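Structural features, examined
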Amino acid sequence: MRRSVHRGALGTRLGGVRPSMDQLSDHDARSAEGSSRVGLAVRVAIAAVAFSALLLGMKLTLAWWTGSTAILSDGIETFANLVTSAFAAFATWLGSRPRDADHPYGHGRVEYFSVALEGLLLLVAGVMVAVVAAPRLIDPPDVQGVDVGALGMAVIAGLTWAGARWLTRTGRALQSPALEADGQHLAADAFTSAGVFVGLVLVHVTGWRILDPLVALLLSGVMLWGASRILRRAVGGLMDEADSALLADIAHVLEKERQPGWLAPHLTRVHRLGQAAHIDLHLVVPRFWSIDSGHDAATSIERAFQARFGQQVETMVHVEPCTPLSCPHCDVAECPVRSAPFVSRLRWTSDTIRRRSRREAMLAAGEGCGGSTSPGGGVGTGPQARDGARS
């Protein structure tokens with residue numbers, strides 16, 4: 001007989017057990033942290049829009065002053081960044097709205113549409129720059145005030161790089177794909193601005209006017225390459241592509257927090273929902289455990305994930321009863337149904353917890369590390385093990 005154990009954001013009931021005051025306090029803390037995180041993300045997104053508008057104004061002014069195709073091309077990219085920053089601000093706000101009957105998992109996935117829009121607009125900007133620059137290879141324009149243009153682009157490149165680093169770090173800290181993609185786009189913009197600076201210096205030193213449209217074409221290639229990377233990430237997010245690094249982090253948390261009776265976690269799946277995430281996994285436990293013991297295991301795992309990944313993470317733990325296959329690796333003391341002696345405790349990794357069945361997970365763990373004995377070489381005597389022994 002299988003039992004499903006789940007304690008979501010609102011602290012669901014299980015087997016007639018009402019949410020405790022501690023659980024309700026956890027929910028209040030999660031709501032407060034979520035609101036604070038969302039408010040900060042929206043403010044950061046609005047600041048990114050203002051910053052992109054400032055950069056666009058500076059570049060268009062320099063392009064008009066110098067007549068440089070390269071600066072104009074860089075301005076086109078910044079215009080695309082301005083539009084996507086505005087949509088990222090909207091996506092961050094919409095993604096933070098509470099879930100409803102039509103969107104039971106919330107609205108967080110809209111942020112991946114923002115990432116996709118960013119990639120598409122950058123792709124269009126790259127094509128536009130190529131269309132503008134290609135004819136000017138035949139008839140290169142006269143560039144006026146090259147020294148002023150070069151100095152201006154150096155300042156812009158430095159400002160853009162500083163803004164990109166801040167926005168990318170903030171986006172990662174807030175777990176916002178839209179803000180992180182916006183920061184990566186700004187980083188690419190900083191490199192293109194630096195490239196324009198180098199091109200203007202070369203034009204000034206050599207007097208070769210053709211270098212200006214050549215630099216613009218190079219910028220077009222950089223934009224197209226950046227667009228492909230951003231679009232690849234958007235598609236991966238929309239299709240719930242597995243994240244090996246995140247699975248390894250989950251396995252590390254499980255390994256660190258494991259208690260006697262936690263056996264063979266498997267079928268672990270993660271749904272990224274913008275700034276939130278939903279973790280789904282199966283856990284084998286001793287078949288004589290009570291529902292309360294299974295609920296305690298699920299609650300311990302959920303709190304460990306919240307401590308590591310933030311209060312907006314939700315966890316679904318499906319509890320399965322053990323079979324004799326688990327006995328050699330079960331560290332529960334005084335087990336009344338044990339059919340084989342305890343031998344070793346298997347180590348959990350990203351490869352084992354993603355396997356589809358307990359048998360596959362245990363075989364993978366055994367092949368990967370040959371089994372690792374539990375601390376002290378004996379079986380556990382934790383609260384859940386004592387609870388099991390009494391049952």
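What counts as what
- Residues numbered from 1 in each chain as written.
- Predicted model: local features only at pLDDT ≥ 70, side-chain atom pairs only at ≥ 80, totals over all residues.
- Heavy atoms only, no water.
- Helix = DSSP H or I, 4+ residues; strand = E, 2+ residues; numbered from the N terminus.
- Buried < 20%, exposed > 50% of the residue type's maximum accessible area, 1.4 Å probe, protein only.
- Polar contact = N/O pair within 3.5 Å; in protein donor to acceptor, adjacent residues only side chain to side chain.
- Contact = heavy atoms within 4.5 Å.
- Axes fitted to C-alpha atoms, helices over the stretch in contact; angles between N-to-C directions.
- Parallel < 35°, antiparallel > 145°, perpendicular 65-115°, else oblique.
- Left-handed = near helix turned anticlockwise from the far one by under 90°.
- Nonpolar A, V, L, I, M, F, W, Y, C, P; charged D, E, K, R; others polar.
- Phe/Tyr/Trp six-rings, centres within 6.5 Å; stacked < 30°, edge-to-face > 60°.
- Lys NZ or Arg CZ within 6 Å of the ring centre and 35° of its normal.
- Core = buried A, V, L, I, M, F, W, Y, C linked by side-chain atoms within 4.5 Å.
- Expected span 1.5 Å × (residues − 1).
- pLDDT = per-residue confidence, 0-100.

Focus on the side chain of H266
Considering the arrangement of structural elements, one finds H266 in strand β2 (residues 263-273). Overall, the relative accessible area of 2% leaves H266 in the buried class. Separated by 3.4 Å, the side chains of H266 and E320 make a polar contact. Not counting chain neighbours up to four residues away, the residues in contact with H266 comprise L281, H282, V284, E320, T352, I353, R355, R356, S357, R358 and A361.

Some remarks on the packing of helix α4 (residues 146-173) against helix α5 (residues 177-206)
Relative to each other, α4 and α5 sit at 160°, their axes nearing to 7 Å. The angle between the axes of α4 and α5 places the two elements in the roughly antiparallel class. Crossing handedness for the pair α4 and α5: left-handed. Looking at the contact of α4 with α5 residue by residue, the classes come out as 19 nonpolar, nine polar and four charged.

Description of the packing of aromatic side chains
With the rule as written, the count across this model stands at four aromatic pairs. The side chain of R258 reaches across the aromatic face of W348, ending 3.7 Å from its centre.

Points about the nonpolar core
Ranked by size, the top nonpolar core spans 39 residues in total, and within it I71, M153, L167, L179, V196, L200 and M223 carry the most contacts. Broken down by secondary-structure element, the contributors of at least two residues to this core are α1 (21-66), α2 (69-95), α3 (110-136), α4, α5 and α6 (211-238). The contact partners of M223, leaving out residues within four places of it in the chain, are S73, E77, L122, A125, G126 and V129. In this structure, L246, I250, I279 and A297 belong to the second largest nonpolar core, which totals 36 residues.

Looking at α4
Taking 1.5 Å per residue, 28 residues should reach 40 Å; α4 reaches 40 Å between its end C-alpha atoms and fits that length. Positive backbone phi, at 55°, marks Q175, one or two positions downstream of α4.

So, the confidence of the model for the protein
Of the residues in the protein, 83% reach a pLDDT of 70 or more, and the chain-wide mean stands at 78. Per-residue pLDDT, averaged within each element of the protein, yields its smallest value for helix α11 (residues 383-390) (38) and its largest for helix α8 (residues 291-309) (92). Taken as a whole, residues 1-32 scores under 50 in pLDDT and shows 60 contacts with residues more than four places along the chain or in a different chain.

Topic: α5
For α5, spanning 30 residues, the distance from its first C-alpha to its last is 43 Å, which sits close to the expected 44 Å at 1.5 Å a residue. G207, located one to two residues past α5, shows a positive phi value of around 80°.

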